Amino acid sequence: MIKKFLAIFMVSSMLLSLSACAKADGIKPEEKVRAVKVQKIEETKNSVSLSYIGTVDSKSIIDYSFKTGGKLAKVYVEEGDKVKKGDILASLDMEDINLQLDAAKANLVSAEENVKKAEDAMKYNEDQFRRMEKLYEASSLSKSQYEQIKLQRDTSVATYKQAKSQYDATKVNYENTLLNLDGSTIYAKEDGIVVDIPHEEGERIAPPAMSYVTIVQVRSMEQIINVGIAQKDLNKINTGIKATIDIDGEMANGVITNIDEAPNQATRTYNGEVYVKDKNYRLGSIAKVSFHVGEENGVWIPMQSIFSNGEDYVYVVKEDRAFKRTVTLLKNNEDKVMIKGVKPGELLAISGMKNLNDGSKVNIVE
């Protein structure tokens, strides 16, 4: 056991002696070399984008109502249902409307008969008056008799006009009742999703003349993204400008279709509507919106090559070392940024920079 301990002690002493000799001879530990990928810096033309945050909303919300009042007989949809254009949404009890229609039709027939009677009487009295008028002109009829027949003629004309006026009013009422019959069933005007049904079957619905009553509320399938645009960007962003949409990593293309003329009083930004075709996001979702506002020539580099620690910087590789270089960010577009602070022809580190320090030794790899 003692011999084994002495052997270990002698080996340890020899290693310590060799280490001391190495230090005495000035031998330094080998410097670690980092592998990096580089990209030659060049001036290029690239798209310029302005980035905003927006929220998803429906392009339109339609409130459906009846054209007449009555008892709500049937609601054919439920909240959350998808409907197609032409689908039945709700209907009124037809009993009351049919009674109204029967009464309106009976009144119209009676008014029509009154007009016919008044017209026949008017024509008869007109013929009588003309015959009597000739006799009066020939002095074969007294003035009092002439005035009496004229009064009968004038009275029959007034009676006819009154009957005709009543007939016209009765006809309008009948036609409106027919419209009410057509309007007693609500059909979807476009594809959409039911978001609200304020009333239940069996409720009495007031006529539109008294108050507007929403029976079914449907939001359209077409969606927009509302974005608050800063005043300084209004000269760059206008209707027709294309945009890229990013919602939880799902990318889509859109176009701005409307910008409000007046700013929001709270945010002082101008609401812009970005239309997204053939997409169905959850309402209220947060969207990253990039507006493509043109192209600009400059030094564009990958966004992942930029670091920020109180200042923005990149690593430029010269010979076999990487040097930290402070840069100024000018513009961005998707995954590229236009910067100032580097020169065309220099080599930019684009991968392997995580463990670099200013002056780190590097090995360029493909």
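About the criteria used
- Residues numbered from 1 in each chain as written.
- Predicted model: local features only at pLDDT ≥ 70, side-chain atom pairs only at ≥ 80, totals over all residues.
- Heavy atoms only, no water.
- UniProt positions renumbered as here; feature names shortened; annotations may be inferred.
- Pairing = 2+ DSSP bridges.
- Helix = DSSP H or I, 4+ residues; strand = E, 2+ residues; numbered from the N terminus.
- Contact = heavy atoms within 4.5 Å.
- Buried < 20%, exposed > 50% of the residue type's maximum accessible area, 1.4 Å probe, protein only.
- pLDDT = per-residue confidence, 0-100.
- Phe/Tyr/Trp six-rings, centres within 6.5 Å; stacked < 30°, edge-to-face > 60°.
- Lys NZ or Arg CZ within 6 Å of the ring centre and 35° of its normal.

UniProt annotates the protein under Sequence similarities (unreviewed entry) with the comment "Belongs to the membrane fusion protein (MFP) (TC 8.A.1) family."

Enquirer: Would you take a moment to explain the sheet that holds strand E8 (residues 192-196) for this structure?
Expert: Strand pairing in a sheet is mediated by backbone hydrogen bonds. Such pairs are either parallel or antiparallel. Spatial ordering of the open sheet is given by E3-E10-E8-E5, a layout of four strands whose pairing is antiparallel. Of all the strands in the sheet, just strand E3 (61-64) and strand E5 (82-83) have a single pairing partner and so form its edges. With four bridges joining them, E3 and strand E10 (residues 216-220) adopt antiparallel strand pairing. Looking at the pairing, isoleucine 61 lines up with arginine 219 of E10.

Enquirer: How do you make sense of the side chain of threonine 170 when you look at a structure like this?
Expert: By the element assignment, threonine 170 lies in helix H3 (residues 143-182). When residues no more than four places from it in sequence are discounted, the contact partners of threonine 170 are Ala104, Asn107, Leu108 and Ala111.

Enquirer: Help me out: how do you make sense of the environment of asparagine 355 in this one?
Expert: Position of asparagine 355 among the secondary structure elements: in the loop between strand E21 (347-351) and strand E22 (360-364). When its relative accessible area of 48% is taken as the criterion, asparagine 355 is described as partly exposed.

Enquirer: Would you explain the confidence of the model for the protein in this entry?
Expert: In this model, the protein carries an average pLDDT of 87, and 92% of its residues clear a pLDDT of 70 or more. Per-residue pLDDT stays below 50 along residues 1-7; that stretch engages in zero contacts with residues further than four places along the chain or on separate chains.

Enquirer: How should the packing of aromatic side chains be read in this particular structure?
Expert: Between two aromatic rings, the relevant description is the distance of the centres plus the angle of the planes. For the structure on display, the rule yields six aromatic pairs. For the pair tyrosine 52 and phenylalanine 291, a centre-to-centre distance of 6.0 Å together with 65° between the ring planes defines the contact as edge-to-face. In this pair, tyrosine 52 is assigned in strand E2 (residues 43-58) and phenylalanine 291 in strand E15 (residues 286-302), connecting sequence segments 239 residues apart. An identical accessibility class is assigned to tyrosine 52 and phenylalanine 291; each is buried. Here the aromatic rings of phenylalanine 307 and tyrosine 313 are separated by 5.7 Å at their centres, their planes lie at 15°, and the arrangement is stacked. Under the relative-accessibility criterion, phenylalanine 307 is labelled partly exposed at 24%. Note on tyrosine 313: relative accessible area 11%, which makes it buried. These aromatic residues form a ring-pair network of at least three members: Phe129, Tyr136 and Tyr146. For the cation-ring pair, arginine 153 lies above phenylalanine 129, with the distance from its terminal atom to the ring centre recorded as 4.3 Å. Above the face of the tyrosine 313 ring, lysine 324 is positioned so that its terminal group lies 4.3 Å from the ring centre.

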